[in-house]
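Residue-level listing of the chains:
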Amino acid sequence: MGGYFSEIFYGSKSLLIGMGITFREFFKPTVTVQYPYQTIKMSAKFRGHTELIADEEGKPKCGVCGLCERACPSSCITLGSISVDIEVDGKVKKKKVLSKYELDFTKCSLCGQCVENCSFGALEFSKEYNLASTRKEDFHFNLLKRLEERNA
Amino acid sequence: MSAPIQLRPDETFILNVGPQHPATHGVLRVKMEMDGEYIVKSETVLGYIHRMHEKMGENRTYAQYLPNLSRLDYLGALGYTHGHVLAIERAAGIEVPERAEYIRAITVELNRVASHLFWFGAFVMDLGGFSPLMYAIQDREHILDMLEAVTGARLTYCYYRFGGLYNDVDDDFIEAARRFIPRMRKSLKKYAALVTGNIIFQKRLEGIAPVSAEMCRKYGATGPVARGSGINFDVRKNEPYSVYPEFDFDIPVYHECDSMARYKVRMDEMEQSLRIIEQGLEKLPAGPIMAEKKPKNIKLPVGDFYQAVETARGSFGIRIVSDGDKNAYRLKLRSPTYSNMHLFDEACEGMLIMDALAFMGSLDLVIPEMDR
Ligand code: SF4
Ligand code: SF4
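Note that the coordinates shown come from a computational prediction; the quantities given were computed from them, not determined experimentally.

Calculation notes
- Residues numbered from 1 in each chain as written.
- Chains lettered and ligands numbered in written order.
- Predicted model: local features only at pLDDT ≥ 70, side-chain atom pairs only at ≥ 80, totals over all residues.
- Heavy atoms only, no water.
- Near = heavy atom within 4 Å.
- Nonpolar A, V, L, I, M, F, W, Y, C, P; charged D, E, K, R; others polar.
- Salt bridge = Lys/Arg side-chain N within 4 Å of Asp/Glu carboxyl O.
- Helix = DSSP H or I, 4+ residues; strand = E, 2+ residues; numbered from the N terminus.
- Buried < 20%, exposed > 50% of the residue type's maximum accessible area, 1.4 Å probe, protein only.
- Patch = residues over 30% accessible without salt bridge, like charges linked within 9 Å, V, L, I, M, F, W, Y side chains within 5 Å.
- Areas by Shrake-Rupley, 256 points an atom, 1.4 Å probe, with all protein chains shown as cover.
- Lys, Arg positive; Asp, Glu negative; His and termini not counted.
- Charge placed at Lys NZ, Arg CZ, Asp CG, Glu CD.
- 1 Å grid on protein atoms, 1.4 Å probe; cavity = no way out; pocket = protein on both sides within 12 Å on 5 of 7 lines; lining within 4 Å.
- Points joined across faces, edges and corners; volume = space filled by probe spheres on them.
- Domains from an automatic or database assignment.
- Core = buried A, V, L, I, M, F, W, Y, C linked by side-chain atoms within 4.5 Å.
- Contact = heavy atoms within 4.5 Å.
- Pairing = 2+ DSSP bridges.
- Axes fitted to C-alpha atoms, helices over the stretch in contact; angles between N-to-C directions.
- Sits in = over half its atoms within 2 Å of the grid points.

1. A word on the site of ligand 1
Inference 1: The environment of ligand 1 is made up of 13 residues, and the closest members are A:Cys72, A:Cys108, A:Ser109, A:Cys111 and A:Cys114.
Inference 2: Grouping the constituent residues of the shell around ligand 1 by class yields nine nonpolar, four polar and no charged.

Here it is in structure tokens:
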């Protein structure tokens, strides 16, 4: 019989303690960010989709070596190049220039293999995270075009 | 008007829990044969989220397989990637700098706390209490923010590399982790008062769903499930790897074998993880984070390699059979919840369905990890 009452007492006490805690939490400041009305700044190392880095002239640093394309586990990079004539010390030389850099972000796992393998330091992660869309095509990025738009 | 359906007194019916059911927390299907509210027989049906991770491991190079490991268990992903890099490093004979190993241990333990916190919230929600989930997620958010600042991702990390790390931690991270520890300790006290002490919670778990040590051995259950049944086994202590021998921590073991014991093991583990993080931050040596001598394209010598690690859910093993090529000949992942789940069928026979769902919650299932 004593056990019965002590259990009722213990039970009610535990419920009151619990209610006290939730009651105190009720007055704590709100920490929720009201997305999309408020946004937060991404940390410096945040990995968004990849982006080409420009050199001083605004051209992509990429030397079209194709290492990123081969390293990518999900084959989401498609490269294209054209050969142009440039003059170095009075002599005309042929040089490969990037003409296409397409990233299929639907398949990208943000693993960082492309950024790491690039020996020209031509790739970086963007801080883009507002990418929701209902159309697949919105995730096929033309990185070269994006670079030109950024320059413009 | 049709006559009401007449059931024979001994007639049972089949109840499908899942593949879309809030209690399974993922696409798991449990086919239960019910006699009223009681379970007569249960059968777990897997395969709804099978992604052939093992086969992918055989088709990709070792480095390309790195992102896959974090897609197994999305709540405690770092533990799994840790196992993978350790296996490759040992097989290829790569020396890892001490600083890198310390950072790995710290981030793995942070991830373990995050995983247990989410489990705690979801488990209490399964039992009908909603507020603890919100508190747990708020605490977990601090960890995810910290991990995001170093790894660049919030859940599916691809941070460890063969021979080291992708990037170094900065002072902000160390500062944030230091601040987090006392905050989390306070929260653990709050959870103990709010949930562990709660009479309804205790009545729903104590003495419910006994899983004997014998049954754990039979099904190969590990992690908090086995430790809740009195089996003192933790890979971090029994087969030490990484820098774990340097840390002073205990393995919580409970002998009650019920759902409450499994709950308590995880709650205690969070405190032990905090201890490891504390010591790790204290001892964190300076130095490089990447091995100096490291082949660019990793090829393993011919042989058979196995590495086990203790993840948030139990002992995770990765076995790599190599024929000397740049990808594995055979890759086998031994995931803890796969074994833990399988004792459910036997243990839940004769149980009330509500108790069985609480039992399922106490096993801490992550379906993509079981069905990989
Ligand atoms: S981050 Fe990984 S998956 Fe994405 S494009 Fe680069 S290599 Fe491919
Ligand atoms: S690895 Fe770098 S330089 Fe080579 S193709 Fe890719 S982006 Fe260009």
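So much for the structure itself; the text now carries on.
2. Considering the pattern of salt bridges
Residue and element names in this part refer to chain B.
Inference 1: All chains considered together, the criterion is met by 36 salt bridges over all chains.
Inference 2: Between Glu43 and Lys31 there is a salt bridge; the shortest N-O distance is 4.0 Å. One end of the pair, Glu43, is in strand 3 (residues 38-45); the other, Lys31, is in strand 2 (residues 29-35), with 12 residues separating them in the sequence.
Inference 3: On the basis of relative accessible area, Lys31 is assigned to the partly exposed category, the value being 29%.
Inference 4: Salt-bridge contacts for Arg236 lead to Asp234; the nearest nitrogen and oxygen are separated by 2.9 Å. Per residue, the accessibility class of Arg236 equals that of Asp234, and both read buried.
Inference 5: Connected via shared salt-bridge partners are Glu109, Arg112, Arg227, Asp234, Arg236, Glu269 and Glu310.

3. Looking at a negative patch on the surface
Inference 1: A grouping of B:Asp170, B:Asp171, B:Asp172 and B:Glu175 is seen on the molecular surface, where their side chains present a negatively charged patch.
Inference 2: Tracing the sequence through the fold places B:Glu175 in helix 6 (residues 171-196).

4. Section: the layout of surface pockets
Inference 1: Volume-wise, the largest pocket comes out at about 1,600 Å³.
Inference 2: Along its surface, the largest pocket is lined by 45 residues, and A:Val31, B:Ile137, B:Gln138, B:Glu141 and B:His142 are the ones closest to its centre.
Inference 3: Residue assignment for the lining of the largest pocket shows that the elements contributing at least two residues are helix 1 (2-26) of chain A together with helix 5 (131-151) and helix 6 of chain B.
Inference 4: Here the lining of the largest pocket gets 11 residues from one element, more than from any other, and that element is helix 5 of chain B.
Inference 5: Across the lining of the largest pocket, the residue classes break down as 19 nonpolar, 12 polar and 14 charged.
Inference 6: Two domains each put at least three residues into the lining of the largest pocket: domain 1 (1-31) and domain 2 (50-151) of chain A.
Inference 7: In this structure, the second largest pocket occupies an estimated 570 Å³ of space.
Inference 8: Contributing elements (two or more residues each) for the lining of the second largest pocket: helix 2 (67-71) and helix 3 (113-117) of chain A.
Inference 9: In terms of residue class, the lining of the second largest pocket is made up of nine nonpolar, five polar and six charged.

5. Notes on empty space enclosed by the protein
Residues and elements named next belong to chain A.
Inference 1: The final tally for this structure, using the stated rule, is three cavities of 30 Å³ or more.
Inference 2: What the largest cavity holds in volume is close to 100 Å³.
Inference 3: Lining the largest cavity are 14 residues, and of these Cys72, Cys76, Cys108, Cys111 and Cys114 sit closest to its centre.
Inference 4: Partitioning the lining of the largest cavity into residue classes produces 10 nonpolar, four polar and no charged.
Inference 5: Taken as a whole, the second largest cavity holds about 80 Å³ of empty space.
Inference 6: Along its surface, the second largest cavity is lined by 13 residues, and Cys62, Cys65, Gly66, Cys68 and Cys118 are the ones closest to its centre.

6. Re the nonpolar core
A general feature of soluble globular proteins is that nonpolar side chains tend to end up buried together.
Residue and element names in this part refer to chain B.
Inference 1: Leu110, Phe120, Met184, Tyr191, Phe201, Tyr263 and Ile320 are the most contacted members of the largest nonpolar core, which has 90 residues in total.
Inference 2: At 14 residues, the largest contribution of residues to this core is made by helix 4 (residues 98-126).
Inference 3: When residues no more than four places from it in sequence are discounted, the contact partners of Met184 are Val113, Leu117, Asp139, Tyr191, Met270 and Leu274.
Inference 4: The next biggest cluster of nonpolar side chains, apart from the first, holds 31 residues, and it includes Val17, Ala23, Ile39 and Ala226.

7. Concerning the sheet that holds strand 7 (residues 314-322) of chain B
Residue and element names in this part refer to chain B.
Inference 1: Spatial strand order, 6-7-8: three strands in an open sheet with antiparallel pairing. One side of each edge strand has no neighbouring strand; the edge strands of this open sheet are strand 6 (303-311) and strand 8 (330-334). Between one strand and the next, the sheet's axes are offset by a mean angle of 10°, whatever the strand orientation.
Inference 2: Relative to strand 8, strand 7 is paired through five bridges, and the arrangement is antiparallel. Bridge pairing links Gly317 to Arg334 in strand 8.
Inference 3: This element, helix 3 (residues 77-92), spans strand 6 and strand 7 of the sheet and lies at about 150° to strand 6.
Inference 4: Contacts between helix 12 (residues 336-347) and the sheet are confined to strand 6, strand 7 and strand 8, with strand 7 contributing the most and set at about 125° to the helix.

8. Some thoughts on the environment of B:Gln279
All names here are of chain B.
Inference 1: If you trace the backbone, Gln279 turns up in helix 11 (residues 259-283).
Inference 2: C-alpha of Gln279 to C-alpha of Lys41: the two residues are 238 residues apart in sequence and 47 Å apart in space.
Inference 3: If we skip the residues at most four places from it in the chain, Gln279 touches Glu246, Phe247 and Asp248.

9. Notes on the site of ligand 2
Residue and element names in this part refer to chain A.
Inference 1: Close contacts around ligand 2 come from Cys62, Gly63, Val64, Cys65, Gly66, Leu67, Cys68, Leu79, Tyr101, Cys118, Phe120 and Leu123, and that covers them all.
Inference 2: Judged by the proximity of its atoms to the pocket grid, ligand 2 belongs to the second largest cavity.
Inference 3: Looking at the shell around ligand 2 residue by residue, the classes come out as 10 nonpolar, two polar and no charged.

10. Focus on the side chain of B:Glu101
Inference 1: Mapped onto the elements of the fold, B:Glu101 is located in helix 4.
Inference 2: Residues contacting B:Glu101, with those up to four places away along its chain left out, are B:His82, B:Leu86, B:Glu89, B:Val96, B:Ser242 and B:Val243.

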